[in-house]
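Summary of the model geometry
Below, each chain spelled out in residue letters.
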Amino acid sequence: MKKEIILGISAYYHDSAAALLIDGDIFAAAHEERFTRKKQDPSFPINACRFVLDQAGITLDDVTAVAFYDKPYIKFERLLETYHAFAPKGLKSFNSAIPVWIKEKLFMKDMLREELAKLGGRIPKLYFPEHHLSHAASAFYPSPFEDAAIVTLDGVGEWGTLTICHGKGNKIKVLKELDFPHSIGLFYTAFTYYCGFKVNSGEYKLMGLAPYGNKHAEETKEIKRKILENMIDLREDGSFLLNMDYFDYATGLSMTNDAKWEKLFGFPRRKSESELTQQYMNMAYAIQEITEEMILKLAETAKELTKSENIVLAGGVALNCVANGKLLRTKMFKGLWVQPASGDAGGSLGAALAVHYISFGHERTNIEKRDSMKGAYLGPEFSDRDIENVARRYDAKYKKFSDFGGLCEKTADLLNNDTVIGWFQGRMEFGPRALGNRSILGDPRCPEMQKKLNLKIKYREGFRPFAPSVLEEDISTFFDIDTISPYMLLVAPVLESRRTKLPDKYEELPLYERLYFLRSDVPSITHIDFSARIQSVSRETNPKYWQLINTFKQKTGYGIVVNTSFNVRGEPIVCSPDDAYRCFMRTEMDYLVMGNYLFDKKEQPNWDKSDNWKEEFKLD
């Protein structure tokens, strides 16, 4: 019997991706940026498409259907109606956007067919699920729940900016929708922009900055009051209206009306790379707190509407792991699951799932105890020959271990000596988080590890926190959490028994004095508010990573390591052995492990760094 194969695609906005379903099984998925090395590449994911087809050993001739993650005509309608509603404002933006739409995006079917033709073979039938349906499908169908409330939150799709749905069996029913320009994602992004971070990629920086805000300060309370009284009308059910006098994204070329914001708050928009003063930290705290309140209200409404005991989340705002952790701790729902590729990249998977279950009407027969995402390890993997070819290309020196257990012993010893190690194994992760296959590792007990990783390895802001990877069975040994967190999408407190006492007037200390104060016995993963963004590691899902951490535990008593993504600032996570070796050599990483191969920085040939490489890594 011929297999049903669906190719899902997201493209043309940011973070393009491709995913492949075979008879409903999630077979492969990858971001285009990982192949092109262009961060958040919005172009048609030709390389990602080739990868997922090659991974399955098929061509486009074997594909049953292609699913695109939104409906372009409805999006175009939204643009036209928005410009009409705000006229005569927005003429400059209109003149910039509309010609592109008329020339290219309005004829999306033709564009997609032209791009798909480059893959060779017959062009399958095209399907266009709505944007938020794609998000909802990506959250519900891979989840371990037969019945769940579904909340999707992002910037904007066609018209929708958030939805509440009910998933049951193979059905998804949309219950509530909020439309553009009133958007929780764009609301949060506007503050990201005003605090000096890059739109569509700096939101997690704002979230990381928020705990440095002084929650007791009058300025913080005043900022929050001004937001709620002037910028947003937040209702009890979580719905809201934005005062568009303060926002420029609907018809302008920027996120905010800077003059109005400066008049309201009393300080200007921060310039990128300039000093982070306390007022921006307080603003970050205020907007994070408001966002959490909004999400909790929406969850309450979803519970009331669906009567479900479970909730699933997707959309870019679902990557706000602090809010997810607070939702978990309310015990509002028995089960919480968040799509690890919650942003637009995950729309490619959701579109394919929507076609399989909704358009083709298949029943759900593959509900797994955990989920059906396979740990999000859905990308390319590479052979020993690939690694050796890279070593030959760069005349690199290495030691090959015949036994993986011996490699883990050596790597654990190196971690115990405060070294920084690039760790490259198996299939690349799908989603924005490195989950132990494309990671940079360190010892969480080392007081200097956070500083070293931020300033000498990642070349990024020193305030940025790092996440722990902890053995699944040891998660409650370190953190106040009673569930697993395999995708690094939940923040939870470090246990009080592991914390150190803070000095008096701690919140009044300068940023970097607070940052490097030892807050626990695992200081490098303990954020300033005693929280951590946790990845629990399962022996079943990632046996190699689990074995390494377990070996480290046997040597130190700590079944936990620092895990940050294997990349530097401004660059996507590494995909290939070539990417990994180049990143290793262009940073102050000490060792690189690829497969069973160990590379020692001290033994490598001199590396040419004459191409302004550090400046390249400071793009965002």
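This report concerns the structure included in the present document.

Scoring rules and cut-offs
Residues numbered from 1 in each chain as written. Predicted model: local features only at pLDDT ≥ 70, side-chain atom pairs only at ≥ 80, totals over all residues. Heavy atoms only, no water. Helix = DSSP H or I, 4+ residues; strand = E, 2+ residues; numbered from the N terminus. Rg over C-alpha atoms; globule rule 2.2 N^0.38 Å. Buried < 20%, exposed > 50% of the residue type's maximum accessible area, 1.4 Å probe, protein only. Contact = heavy atoms within 4.5 Å. Pairing = 2+ DSSP bridges. Axes fitted to C-alpha atoms, helices over the stretch in contact; angles between N-to-C directions. Polar contact = N/O pair within 3.5 Å; in protein donor to acceptor, adjacent residues only side chain to side chain. Arc of directions from axis to C-beta. Core = buried A, V, L, I, M, F, W, Y, C linked by side-chain atoms within 4.5 Å. Parallel < 35°, antiparallel > 145°, perpendicular 65-115°, else oblique. Left-handed = near helix turned anticlockwise from the far one by under 90°. Nonpolar A, V, L, I, M, F, W, Y, C, P; charged D, E, K, R; others polar. Salt bridge = Lys/Arg side-chain N within 4 Å of Asp/Glu carboxyl O.

Along the backbone of the chain there are 21 helices and 21 strands. Since a compact globule built from 620 residues should have a radius of gyration of about 25 Å, the 24 Å found for the chain is in line with a globular shape. If one aligns the C-alpha atoms of the chain with their principal axes, the spans along those axes are about 70 × 65 × 50 Å. Looking at the chain residue by residue over its 620 residues, the buried ones come to 61%. Put simply, of all contacts in the chain between residues at least 6 apart along the chain, 71% involve residues at least 24 apart.

Before going further, it helps to examine the environment of H527. Its place among the elements puts H527 in the loop between helix 18 (511-515) and strand 18 (531-537). Beyond its immediate stretch of four places on either side in the chain, H527 contacts G208, P211, Y212, F463, P465 and R519.

Pairing in this open sheet of five strands is mixed, and the strands run 8-7-6-11-12 from one edge to the other. On the outer flanks of this sheet lie strand 8 (171-179) and strand 12 (335-338), each paired with one strand and no other. Within this sheet the neighbouring strands show an average axis-to-axis angle of 20 degrees, counted without direction. Contacts between helix 11 (residues 278-306) and the sheet are confined to strand 6 (147-153), strand 7 (160-168), strand 8 and strand 11 (310-314), with strand 7 contributing the most and set at about 35 degrees to the helix.

The next subject is the sheet that holds strand 20 (residues 591-594). In spatial order, the strands read 13-21-20-14-15-19-16-18-17; together these nine strands make up an open sheet with mixed pairing. The sheet is open, and its two borders are formed by strand 13 (399-400) and strand 17 (490-493), each paired with just one other strand. In terms of strand pairing, strand 20 meets strand 21 (residues 597-600) through four bridges, oriented antiparallel. Residue pairing across strands places L592 opposite F599, the latter belonging to strand 21. In the packing of helix 15 (residues 404-416) onto the sheet, contacts are made with strand 14 (421-424), strand 15 (438-442), strand 19 (560-565), strand 20 and strand 21, and the angle to strand 14 comes to roughly 150 degrees.

Turning our attention to the side chain of D371. Within the secondary structure layout, D371 lies in the loop between helix 13 (344-359) and helix 14 (384-393). At a separation of 2.8 Å, a polar atom in the side chain of D371 contacts the main-chain amide nitrogen of M373. For D371, the side chain forms a polar contact with the side chain of Y487, separated by 2.9 Å.

With that settled, the discussion passes to helix 5 (residues 108-117). Residues of helix 5 that are buried: M108, M111, L112, E115 and L116. The buried side chains of helix 5 occupy one side of the element, clustering within an arc of 130 degrees when seen end-on.

As a further point, take the side chain of S536. Mapped onto the elements, S536 comes out in strand 18. Residue classification places S536 among the buried positions, given a relative accessible area of 3%. At 2.7 Å, the side chain of S536 forms a polar contact with the backbone nitrogen of S485. When residues no more than four places from it in sequence are discounted, the contact partners of S536 are V470, E472, I475, I484, S485 and P486.

Turning our attention to the nonpolar core. Counting 144 residues, the largest nonpolar core has L7, F187, F191, I227, F247 and F265 as its most contacted members. A total of 12 residues in this core trace back to one element, the largest contributor, which is helix 11. Leave out the neighbours within four places in its chain, and F191 touches L206, I227, M231, W261, F265, M283 and I287. F479, I534, M589 and V593 belong to the second-largest nonpolar core, a separate cluster that totals 65 residues.

With that settled, the discussion passes to the environment of K303. Relative to the helices and strands, K303 resides in helix 11. Remark: the alpha-carbon pair of K303 and L242, spanning 61 residues in sequence, is separated by 24 Å. Residues within four places of K303 in sequence aside, it is in contact with S308, E309, M332 and F333. Within polar-contact distance, the side chain of K303 engages the backbone oxygen of M332 at 3.1 Å.

Here helix 9 (residues 218-231) crosses helix 11 at 50 degrees, and the two axes come no closer than 9 Å. On the basis of the axis angle, helix 9 is oblique to helix 11. Seen along the crossing, helix 9 lies across helix 11 with a hand that is right-handed. Contact residues: helix 9 offers E219, T220, I223, K224, I227 and L228, while helix 11 offers Q278, Q279, N282, M283, Y285, A286, E289, I290 and E293. Along the lines of polarity and charge, the residues of the contact of helix 9 with helix 11 split into seven nonpolar, four polar and four charged.

With that settled, the discussion passes to the pattern of salt bridges. If you walk through the whole model with that rule in mind, you get 30 salt bridges. Across the pair R269 and D258 runs a salt bridge, and its minimum N-O distance is 2.9 Å. One end of the pair, R269, is in the loop between helix 10 (258-265) and helix 11; the other, D258, is in helix 10, and 11 residues separate them in sequence. Note on R269: relative accessible area 32%, which makes it partly exposed. Taking relative accessible area as the criterion, D258 reaches 26% and is therefore assigned partly exposed. A salt bridge links D443 to R445; the shortest N-O distance between them is 2.7 Å. Given a relative accessible area of 2%, D443 falls into the buried group. Residue R445 is classed as partly exposed on the basis of its relative accessible area, which comes to 25%.

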